[in-house]
Amino acid sequence: MIFLYFATLTPIIAFGAVLGVHTDNHMAAMESIVSAAFVGVIWALFSGQPLIIMGSTGPVLVFEAIVTMTCRTYDLDYLPIRFWIGLWTGFFLFIMVATDASHLVRYITRFTEEGFAALISFIFIFESLEKLLAVRKERNVCTYPMECPVLYSQCSCNITGELLELNQNISKSWCKVNGGRLVGDGCFYIPDVFFMSVLLFGGTFILSAKLKNFRNQPFFPTKFRQIVSDFSVTAAIILMSLLDFYLGLDTPKLSVPTGLTPTRHDRSWFVHPFERNPWWTALAAIVPALFAVILIFMDQQITAVIINRSENKLRKGCGYHLDLLVLTVSVIFCAVCGLPWMVAATVLSINHVNSLKQESESRAPGEAAQFVKVRENRLTTLGIYVLIGASVFMKSILSVRE
């Protein structure tokens, strides 16, 4: 369960950070953690297939980014639009539950499953590279060393027309908090940050890949190799974060608010239906809601089909309709509270099932263990999301303020 807690929390925080960039921090890491904790606990208690792990997925992230760009284009408030999209999505999903539309999963083939899993993997890779390249825009790279500005020497804070030089009392973060604007080349030139970010990016990937394959090495006991392999991603992130902390460079850090509060101070936990938006936006939200229904239905049910395969030897029924009903309630709740939608995470759900597999203990020397059954339960899923909910109070670990 501890392994799955870290494996689930890591993409939630990562996607929360990327979501914050796309939505101007209307929904970011804090909102993602709160959403995952609520949806996960409800899922563990009431779903038909509690072995499925709910989390952030790439297709939903792309949908949120498109909605945000549309709102910017037409000068609309993002959260009220998403409020109505969520309500219409929940309404259409409820109709699908009432009409037994989940029986359509019988037409989902192995090709569809693998294609959708490949799409999710591609979005993961693309978003990570995009986030890395965005560091160069925020932290300029000086191509000609003789022309590089001295760090902070050519940087001032413009507050109501008055230029204040940066010092120990006036920092960049102080300037932004007080409504100021940074002026000067030295404000945006921080040496080595981009290249250090590339090293951290590559180091994390290479280290996690090597540790993941550690289970196949000929040395150390089997149990030790398995533990190292299971915690490979977590160990790689921790080690590279310690390296970054030791070097002390101003690499981009995760922005997490203090306490159980939204990331932006100008919003609350409940979304106003309109704010500046005209009344017709409530009806216009039907169109993107139809796309959201297709996206969420496919994302959820394809993962459910993968988990409920006959080779997993599950004894309990599938519960496709009940799962969709629980998902409908969570979508509406997240829309009202301005939280990211959590749907079935394919890779995490497969890892959850694999971690609960029981193999035969009595076998001949050298014979491979035979798969017997999966320990079906709700406690592991419930424990994972209770721990994720407690992660809200890990602000000092998740972020570093300037």
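Each value, and the rule that gives it
Residues numbered from 1 in each chain as written. Predicted model: local features only at pLDDT ≥ 70, side-chain atom pairs only at ≥ 80, totals over all residues. Heavy atoms only, no water. Helix = DSSP H or I, 4+ residues; strand = E, 2+ residues; numbered from the N terminus. Buried < 20%, exposed > 50% of the residue type's maximum accessible area, 1.4 Å probe, protein only. Contact = heavy atoms within 4.5 Å. Salt bridge = Lys/Arg side-chain N within 4 Å of Asp/Glu carboxyl O. Expected span 1.5 Å × (residues − 1). Arc of directions from axis to C-beta. Pairing = 2+ DSSP bridges. Axes fitted to C-alpha atoms, helices over the stretch in contact; angles between N-to-C directions. pLDDT = per-residue confidence, 0-100. Patch = residues over 30% accessible without salt bridge, like charges linked within 9 Å, V, L, I, M, F, W, Y side chains within 5 Å. Areas by Shrake-Rupley, 256 points an atom, 1.4 Å probe, with all protein chains shown as cover.

## Quick look at the overall build of the chain
Counting secondary structure elements, the chain contains 15 helices and 7 strands. Going through the 402 residues of the chain one by one, you find that 45% of them count as buried. The long-range share in the chain, meaning contacts at least 24 apart out of those at least 6 apart in sequence, stands at 79%.

## As for the pattern of salt bridges
Following the criterion strictly, the structure yields 5 salt bridges and no others. With its nearest N and O atoms 2.9 Å apart, the salt bridge here joins Asp-24 to Arg-72. You can see Asp-24 sitting in the loop between α1 (2-22) and α2 (29-46) and its partner Arg-72 sitting in helix α3 (residues 58-73), a full 48 residues away along the chain. A residue is classified by how much of its surface remains accessible, and Arg-72, at 46% relative accessible area, is partly exposed.

## Observations regarding helix α7 (residues 193-212)
Residue pairs spaced three or four apart in an α-helix point in one direction, given the helix's 3.6 residues per turn. Relative to the 28 Å expected for 20 residues at 1.5 Å per residue, α7 spans 28 Å between its end C-alpha atoms, a close match to the ideal helical length. Taken as a whole, α7 has its buried residues at Val-193, Phe-194, Met-196, Ser-197, Leu-200, Ser-208 and Leu-211. For α7, the arc enclosing every buried residue in end-on projection is 165°, short of the 170-degree limit, so these residues lie on one face. For α7, the exposed residues lying more than 90 degrees away from the buried face are Leu-199, Phe-205 and Lys-210.

## A closer look at the sheet that holds strand β4 (residues 181-183)
Overall, antiparallel pairing links the 3 strands, which are arranged β3-β2-β4 in an open sheet. Of all the strands in the sheet, just β3 (162-165) and β4 have a single pairing partner and so form its edges. Strand after strand, the sheet turns through a mean of 35° between neighbouring axes, direction not considered. Here strand β2 (residues 156-159) pairs with β3 via 4 bridges, running antiparallel. Paired with Ile-159 across the strands is Glu-162, a residue of β3.

## A few points about the confidence of the model for the chain
Summing up the model confidence of the chain, the mean pLDDT is 81 and the portion of residues at 70 or higher is 85%. The spread of mean pLDDT over the elements of the chain runs between helix α15 (residues 395-398), the lowest at 54, and helix α4 (residues 78-98), the highest at 93.

## Section: a nonpolar patch on the surface
Among the surface-exposed residues, Phe-94, Leu-322, Leu-325 and Val-329 lie close enough to one another that they form a single nonpolar patch of about 340 Å² accessible area. Per-element accounting of the nonpolar patch gives the leading share, 3 residues, to helix α12 (residues 320-337). By the secondary structure assignment, Phe-94 is in helix α4. The class for Phe-94 is partly exposed, based on a relative accessible area of 47%.

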